[in-house]
Amino acid sequence: MLPKLLTQIFGSRNERLLKGYRRVVQQINALEPKFEALDDEALRAKTAEFKARVAQGESLDALLPEAFAVVREGSKRALKMRHFDVQLIGGMVLHAGKVAEMRTGEGKTLMGTLPVYLNALTGKGVHLVTVNDYLAKRDAEWMAQLYNFLGLSVGINLPNMPREQKQAAYAADVTYGTNNEYGFDYLRDNMVHDVADRVQRPLAYAIVDEVDSILIDEARTPLIISGQADDQTDVYLAINQVAPRLKKQIGELDPRTGEGVIEPGDFTVDEKSHQIYLTEDGHDNAERLLAEAGLLPEGASLYDAANISLMHHLYAALRAHHIYHRDQHYVVQNGEVTIVDEFTGRLMTGRRWSDGLHQAVEAKEGVAVQSENQTLASITFQNYFRMYGKLGGMTGTADTEAYEFQEIYGLETVVIPPNRPTQRRDELDLVYKTNKEKFEAVVRDIRDCHERGQPVLVGTTSIENSELISALLNKEKLPHQVLNAKQHAKEAEIVAQAGRPGVITIATNMAGRGTDIVLGGNVENQVKVIEADASLPDSVKAERIAKLKSEWAGLHEAVKAQGGLRIIATERHESRRIDNQLRGRSGRQGDPGSSRFYLSLDDQLMRIFAGDRVRAIMDRLKMPEGEAIEAGIVTRSIESAQRKVEGRNFDIRKQLLEYDDVSNDQRKVIYQQRNDILEADSLVEQITNLRASSLTDVVRTFVPAESLEEQWDLASLERVLRDEWQLEVPLKALVEKSDAITDEEIVEAVVKAGDASFNDKIARVGIEQLTPFMRMVLLQSIDQHWREHLASLDYLRQGIHLRGYAQKNPKQEYKREAFELFSQLLDVVKMEVTRTLLNVRIQSQEEADRAAQAMEARADQVSNVTYTHPNEDGSVSQDPADGFDVSKYGHVGRNDPCPCGSGKKFKACHGKLS
Ligand code: ADP
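For clarity, every value in this text was computed on a predicted model and none was experimentally measured.

About the criteria used
Residue numbers run consecutively from 1 along every chain, following the written order of its sequence. Predicted model: local features are reported for residues with pLDDT of at least 70 only, side-chain atom pairs are reported and counted for 80 or more only, and whole-chain, interface and lining totals are derived from all residues. Only hydrogens and water are removed before side-chain values are computed, so all heavy atoms of the structure are retained for them. Numbering of helices and strands runs from the N terminus; a helix is a DSSP stretch of H or I covering at least four residues, while a strand is a stretch of E covering at least two. We call a residue buried when its accessible area falls under 20% of the maximum for its residue type, exposed when it is over 50%, and partly exposed in between, using a 1.4 Å probe and counting protein chains only. Note on definitions: a residue-residue contact is assigned when non-hydrogen atoms from the two residues lie within 4.5 Å. Residue proximity to a molecule or strand is established when one non-hydrogen atom of the residue lies within 4 Å of it. Whenever a nitrogen or oxygen atom comes within 3.5 Å of another N or O atom, the pair is scored as a polar contact, on the condition that within protein one atom can donate a hydrogen and the other can accept it, and that pairs from neighbouring residues in sequence are kept only if both atoms are in side chains. Method for areas: the Shrake-Rupley scheme with a 1.4 Å probe, in which residue coverage is limited to the protein chains shown. Polar here means any residue other than Ala, Val, Leu, Ile, Met, Phe, Trp, Tyr, Cys and Pro, which are nonpolar, and Asp, Glu, Lys and Arg, which are charged; Gly is therefore polar. As annotated, the domain borders come from an automatic or database domain assignment. By definition, a salt bridge exists where a carboxyl oxygen of Asp or Glu is found within 4 Å of a side-chain nitrogen of Lys or Arg. Whether two strands pair comes down to DSSP finding at least two bridges between them. Here, axes are lines fitted to C-alpha atoms. For helices the fit covers the stretch in contact, and angles between N-to-C directions go from 0 to 180 degrees. Multiply 1.5 Å by the residue count of a helix minus one, and that product is the helix's expected span. Given a residue, its bend is the angle between the two axes fitted to the seven residues that end at it and to the seven that start from it. Any pair of Phe, Tyr and Trp rings, taking the six-membered ring for Trp, is counted once the centres come within 6.5 Å. Such a pair is stacked with planes under 30 degrees apart, edge-to-face with planes over 60 apart, and tilted for the rest.

(A) Here's a closer look at the overall build of the protein chain. Each helix and strand counted, the protein chain has 31 helices and 22 strands in total. With the C-alpha coordinates aligned to their principal axes, the bounding extent of the protein chain is approximately 105 × 70 × 65 Å. Put simply, the protein chain has 914 residues, and 53% of those count as buried. Excluding contacts between residues fewer than 6 apart, the proportion of contacts in the protein chain whose partners are at least 24 apart in sequence is 72%.

Here it is in structure tokens:
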């Protein structure tokens, strides 16, 4: 009781916030006469003036009243709409980086122009985020009239646009686009090899329309870019013939004398690190064998820049043949190579070794060499949108999710009052015992509306249900239209007319989103057609438009008299918010309207959560067949069931995020490094640091820190430096020469030798010529290992719940191991880059150019790149449906749901054999 009392005395936080905003509204209103007096030119000049003031340090908050007043004045002239006071309030909420809950039909599109204009004055770009391409285009084109009038540029960002167009769209003051496309652009920008290929600017401010839909409904799965690495089966098979012909060296070298080889061979094996090193002889032999196999041009060297990948393949094949053994490290089952966990002996189904090793083992075992589908990049919406400097959101239904917005995104929700009081009547739920009775009642209600001339929108939670009702209405000969959110543009047209007298529309909750249902239908389009008809004289136009409008007024009044738009729902959704969205389609801008949910004990939600209780009530009341129960207590117990489901779903999203946070931190590190590499003029310092660190690690395996000379294995170190790093460092001679040499000095000598070797290359080729090659070596190593790392994380996540049984906290375990894997990744990149750059033989500028180009070409050899945002069940969200391109979705099983979102099986839809 107490909290309620306190609220009454002090006012809720929402009311207090609104009070503050209303004071600013008064300031804006007071400015109106001043700006009304300006002519168009003078009004537009305000934009330049504001920009200059912002550049000089004036804060946006200080500028807000004037800027909002200018936008309102501009809108009056360009759009013939004057922002309502509540829209000004909503605009302030968005500018403050909060979520504005504003009811459907109250004008969020126009509201958005206020904070967009204000924030665009900084020149940093504002992103407007919509749920589909159709809405992005429609809203952008509509509002561009206002922005352009005030001198701001507008860009539209659509999928499949050429790079230049995307860059232009992002360079505009305001950019409209979908959440998916912004996210994919971000990922793609972090896959480029050249700064000039990036399309986005730094992420400054985004306003997310239908924010609940995007940040909550769609946030349970990440955006994924995947593709197939280039198919190199032939190379694996050919090299597989070469590897067995090279001979292992037998015998250990004596650390002191360097003697002791029993039988010289082509390579040595380091069992501990699972590595193989070619000896000098081995190198020559390998080159000869590869040349014979036609893999290496006659006279070419394995050290040539062009052959870096061949070297890689050779090492993988040697490891496959000499280190990895069947039934110990792996088993061969059903034509596949499956890894055996070293420690537990468990089969790691689905897991693959990286670096081409798995393919090399497949070639060795004579099973199919798989070029698997790889995740190239991925991100969740949560983590994408959290990167913006400021984020605002708008929707008709946020209040039920206010806690999540606050918790996950740090966004506060402010409920904006309607411009005119709502008149919609939300009736209590009617609960029937069976589905059959429920649907009979639904049809009765629909028929009643239709016959009286009241438009009705029948909402369903699934396409199946829509089709079921459609079949029932067909049987009753009731004319109707069905919308399944497959064709956004066409459905928007239909929804716009769903308010005509007696029209029956069946729609899933996704269909026709963002389009407003006007009582009596929408005549705007017809008016536009008449206005655009050049063959008509103005007087005829005016006459026709007047006629149209008066007809519309008649229809509008007739529909109002019948109670406005009737919403009939056939099921409760898991989430109250979705139910509210449906209700919200009626009763716009103070129109009359009504809504009713028809339920039965057969509904899933009822069965699982509320059924027993409601059934007990029904039994107690001894309800006869066909009768429904209608009581507040029932509606309340259903709502509490929904609350339970919402809570569970929130936990799922939070879990996903907690796991994604780990890879998110790592992604940020990798992308930052990539960007540094892309943007740096010189990479010498980075490379030098990597090399120093790599060579130190090498030395430390043979000369431990703070060790005594007796413990050093200088012979092996010299050999490894020579075989693996192409460095001749006479360490033994060095030690013999001086009487007190420390392990630090050994490190120093080796690092110096590395520097000398590399400086020699630079001297020969020129730093400018070598830089693009160095850049590609770095990028390619980072990219390749990052992709493999993503697969490892995936695998780790899938298996981590098993740790729960061993009394371990899975999340902690995941974090720990993910960190471990990531440091390994950084180590591997460091070593690989250093090794490549020390080994590579580049003699001339042309060679450097060719090598860089070859590497870039190889990096681009990813085929079947697909962009997906899978649903939780693994199916794929639909894209704008017209011209649906199923090939974008990679492999779809015949019995999987069709990726177009039709709800049908793939084989019965886009997968139909023609
Ligand atoms: P929402 O996105 O909030 O559901 P819309 O932005 O689609 O609503 O706007 C609903 C309708 O209200 C549109 O037809 C629009 O033209 C109209 N509208 C919005 N704001 C105003 C205004 N200030 N004056 C007149 N009409 C408005």
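(B) A look at the site of the ligand. Close to the ligand lie 17 residues; Arg82, Gln87, Gly105, Lys108 and Thr109 are nearest. Here a nitrogen atom of the ligand and a side-chain polar atom of glutamine 87 are 2.9 Å apart. Taking glycine 105, its main chain carries an N or O atom lying 2.6 Å from an oxygen atom of the ligand. When the free accessible area of the ligand is taken as 560 Å², the share hidden by the protein chains comes to 80%. At three residues, helix 6 (residues 108-120) tops the list of elements feeding residues into the shell around the ligand. Tallied by class, residues from the shell around the ligand come to four nonpolar, seven polar and six charged. Split by domain, the residues of the shell around the ligand number at least three in each of domain 1 (1-224 + 381-415) and domain 3 (423-630).

(C) Broad picture of the pattern of salt bridges. On inspection of all chains with the given rule, the structure shows 66 salt bridges. Arginine 722 is paired through a salt bridge with glutamate 280; the nearest N and O atoms lie 3.6 Å apart. With a gap of 442 residues between them, arginine 722 in helix 26 (residues 714-725) and glutamate 280 in helix 12 (residues 280-292) connect regions that are remote in the sequence. Across the pair glutamate 427 and arginine 425 runs a salt bridge, and its minimum N-O distance is 2.9 Å. For arginine 425, a relative accessible area of 52% translates into the label exposed. Because the salt bridges share partners, they merge into one network encompassing Glu32, Glu36, Asp40, Arg72, Glu73, Lys76, Arg77, Arg82 and Asp85.

(D) Spatial organisation of the sheet that holds strand 22 (residues 862-868). On the basis of which strands lie adjacent, the open sheet formed by three strands has the order 12-6-22 and antiparallel pairing. The sheet is open, and its two edges are formed by strand 12 (373-379) and strand 22, each paired on a single side. The sheet shows a mean angle of 20° between the axes of neighbouring strands, taken without regard to direction. Bridging between strand 6 (residues 223-229) and strand 12 involves six bridges; their strand directions are antiparallel. The residue of strand 12 that forms the bridge with isoleucine 225 is alanine 377. Running at roughly 45° to strand 6, helix 9 (residues 179-189) makes contact with strand 6, strand 12 and strand 22 of the sheet.

(E) Representation of helix 2 (residues 13-36). Between its first and last C-alpha atoms helix 2 spans 35 Å; for 24 residues at 1.5 Å apiece the expected length is 34 Å, and the two agree. The principal kink in helix 2, of about 25°, is found at alanine 30, preceding the proline proline 33 by one to four residues. Inspection of helix 2 places Leu17, Leu18, Tyr21, Val24, Val25, Ile28, Leu31, Glu32 and Phe35 among the buried residues, and these make up the whole buried set.

(F) Focus on the packing of aromatic side chains. In this structure the tally under the stated criterion is 13 aromatic pairs. Consider the rings of tyrosine 403 and phenylalanine 650, whose centres lie 5.6 Å apart with planes at 70°: the pair is edge-to-face. With a gap of 247 residues between them, tyrosine 403 in helix 16 (residues 402-409) and phenylalanine 650 in helix 24 (residues 632-679) connect regions that are remote in the sequence. Of the residues examined, tyrosine 403 reaches a relative accessible area of 55% and is grouped as exposed.

(G) How the structure looks around the pairing of strand 9 (residues 330-333). Where strand 9 meets strand 10 (residues 336-340), four bridges bridge the pair, whose relative direction is antiparallel. Each bridged residue has a counterpart across the sheet, and for glutamine 333 the counterpart in strand 10 is glutamate 336. Between strand 9 and strand 10, which pair antiparallel and follow one another directly, the connecting turn spans two residues, one of which, asparagine 334, has a positive phi of 45°.

(H) Structural context of the side chain of aspartate 783. Along the chain, aspartate 783 falls in helix 29 (residues 767-800). Engagement of the side chain of aspartate 783 in a polar contact is seen with the side chain of arginine 674, the distance being 2.8 Å.

(I) Expanded view of the environment of leucine 295. Tracing the sequence through the fold places leucine 295 in the loop between helix 12 and helix 13 (308-322). Of the residues examined, leucine 295 reaches a relative accessible area of 21% and is grouped as partly exposed. Taking the C-alpha atoms as reference points, leucine 295 and leucine 310, separated by 15 residues in sequence, lie 8.1 Å from one another.

None of the figures reported here should be taken as evidence of function without further support.
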